Amino acid sequence: MRSAMKQAPDQTCILRREDSGPALVFGLTWFALVGSHVAAMARTRARQLKATHYVAGGLRAAAGGCARLGRGTRRGDLHAAAQAYAQLHAEGSVCSVLALPDGRHWLVAAQDGAVMSRGDHVYASREAAEQALRALQAQRPALRLIDDAALLDLISRSLDAGSRLLPVDTRWGSLPWPVRACALGAALFLLVPQAWERWRVYRAPAPSASDPVAARQAALDAWRESVRIHTPEDLKHLTQSLYRIPLALRGWTLQRISCKPQSQDWQCAAHYARARSQATFEAFSAAAPQGLKAEFEALDRSVLRWRVQGASTTLAKVSLPRRPAQAFLGNLQRTFPAFSEIRLGLPVEPAAVNQRGPGAAGLPGLRTRTLSVSGPLRSFGVLALHSTVASWSSFTLSIDAGRPSALAGSVLLAQLQGTVYELH
């Protein structure tokens, strides 16, 4: 199979065939899924991570993966290589290091048909990939190594609908076309007369901006004021609130916890599954800890909701470091053994301020990096974030009762997603 490798944003690699057949995508972001609607949960998480494509799969365990692909790389039939690998090895825990056509090496690992959270990475050399493999095997001794040079070709020949990457539809795009047509018609009916009147009043051409630097600075200041920044105390209060949540409550068992920021506070929900035949929502609600609101979700699902007050501020009110603070990077490197995964993205300029008009030189350049931290809940106590400016998008906690306890492994596995800001 002759092919060509292309690089997409966020270190995602795409292997395309010259015969325009299905393309393989490497280096997705993977996360565990708990529940009965794994596809919907994977699509929701992908939308939260601002991804363009997603996939979900697994047998006894389920996992979802997502990637943010550039417009020029989205064409054709795209498949998640790691998911195709997992489908070929649906029993037990397996891993491999495979050479890619461009000289790089791919580390892949799966368990019971589901890709592991650290099981889809591309490395510049085989040595780097094998070093990461040894670290993964140290955490999961049951991993069985499969060393087969023809495995990549086998994956390419066994692609099916289960490994296909699906686009993350917007909420507008998911509506039926008659609903969208009616909404557009109503909008045009209301807006066209107003637009006509405004055109009549302001038909004279607008004067050009006399000071483009000041205009851009004003737009930058307004955007910074709209970006919510979380302090280290916010994360501390959030994690402390989780220790109040019972793992079991009157015949109901905790499955996962999800927290999202809203305005200055965190809104959290603990999802429980009915574990005993005599368990009722009435008993569940009566036993709920003080300050938590019990809600009925389904006959076998109940939820506890609570709010964590934050001390959030805005991007306009904080001092940004120039490039990643050395103390911040050093802390991530020192604490990495206590986590199952830490991903710090490449710096990008936000689209909101990517407007370099005439005279814009001299203004401070703002950059962002995505940050994803996964590991045992206890490890977040050593994650020092005082030397960085961060805006968090989600904090989740999943329960894996069968997972052995280790430095980077625990029954309580948490994941923190967000963005850090810097100047250059």
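In short, a report on the structure.

Procedures and definitions
Residues numbered from 1 in each chain as written. Predicted model: local features only at pLDDT ≥ 70, side-chain atom pairs only at ≥ 80, totals over all residues. Heavy atoms only, no water. Helix = DSSP H or I, 4+ residues; strand = E, 2+ residues; numbered from the N terminus. Contact = heavy atoms within 4.5 Å. Pairing = 2+ DSSP bridges. Axes fitted to C-alpha atoms, helices over the stretch in contact; angles between N-to-C directions. Disulfide = S-S within 2.5 Å. Buried < 20%, exposed > 50% of the residue type's maximum accessible area, 1.4 Å probe, protein only. Salt bridge = Lys/Arg side-chain N within 4 Å of Asp/Glu carboxyl O.

**Observations regarding the environment of glycine 92**
Secondary-structure assignment places glycine 92 in the loop between α2 (81–88) and β8 (93–99). Along the backbone, glycine 92 and leucine 143 are 51 residues apart, and their C-alpha atoms lie at a distance of 8.0 Å. Beyond its immediate sequence surroundings of up to four residues, glycine 92 is in contact with Ala110, Gln111 and Asp112.

**A word on the sheet that holds β8**
Across the sheet, 4 strands lie side by side as β10-β9-β8-β11; this open sheet has mixed pairing. One side of each edge strand has no neighbouring strand; the edge strands of this open sheet are β10 (114–123) and β11 (144–145). Relative to β10, strand β9 (residues 105–111) runs antiparallel, the two being bridged by 6 bridges. Across the sheet, tryptophan 106 pairs through a bridge with valine 122, a residue of β10. In this fold α2 packs onto β8, β9 and β10, with an angle of close to 45° to the strand it touches most, β9.

**Observations regarding the state of the cysteines**
For the structure on display, the rule yields 1 disulfide. Cysteine 259 shares a disulfide with cysteine 268; S-S distance 2.2 Å. Torsion about the S-S bond of the cysteine 259 and cysteine 268 cystine: about 120°, corresponding to right-handed handedness. Like cysteine 268, cysteine 259 is buried.

**Observations regarding the pairing of strand β17 (residues 293–298)**
Each regular strand shows side chains that alternate between the opposite faces of the sheet. As paired elements, β17 and strand β18 (residues 301–308) share 5 bridges and run antiparallel to each other. When the bridges of β18 are listed, lysine 293 appears paired with arginine 305. What sits between the antiparallel neighbours β17 and β18 is a turn of 2 residues.

**Digging into the pattern of salt bridges**
Under the counting rule described, the total for this entry stands at 10 salt bridges. Of the charged contacts, one joins arginine 164 and aspartate 77 as a salt bridge, the two residues approaching to 3.0 Å between their closest N and O atoms. Separated by 87 residues along the polypeptide, arginine 164 in the loop between α4 (151–157) and β12 (166–167) and aspartate 77 in the loop between β6 (62–67) and β7 (78–80) bring together distant segments of the chain. Residue classification places aspartate 77 among the partly exposed residues on the basis of a relative accessible area of 28%. Note that glutamate 422 and arginine 369 form a salt bridge whose closest N and O atoms lie 2.9 Å from each other. Linking glutamate 422 in strand β23 (residues 412–423) with arginine 369 in strand β21 (residues 366–376), this pair joins segments that are 53 residues apart in sequence. Overall, the relative accessible area of 3% leaves glutamate 422 in the buried class. If you follow the salt bridges from partner to partner, you end up with Lys293, Glu295 and Arg305 in one network.

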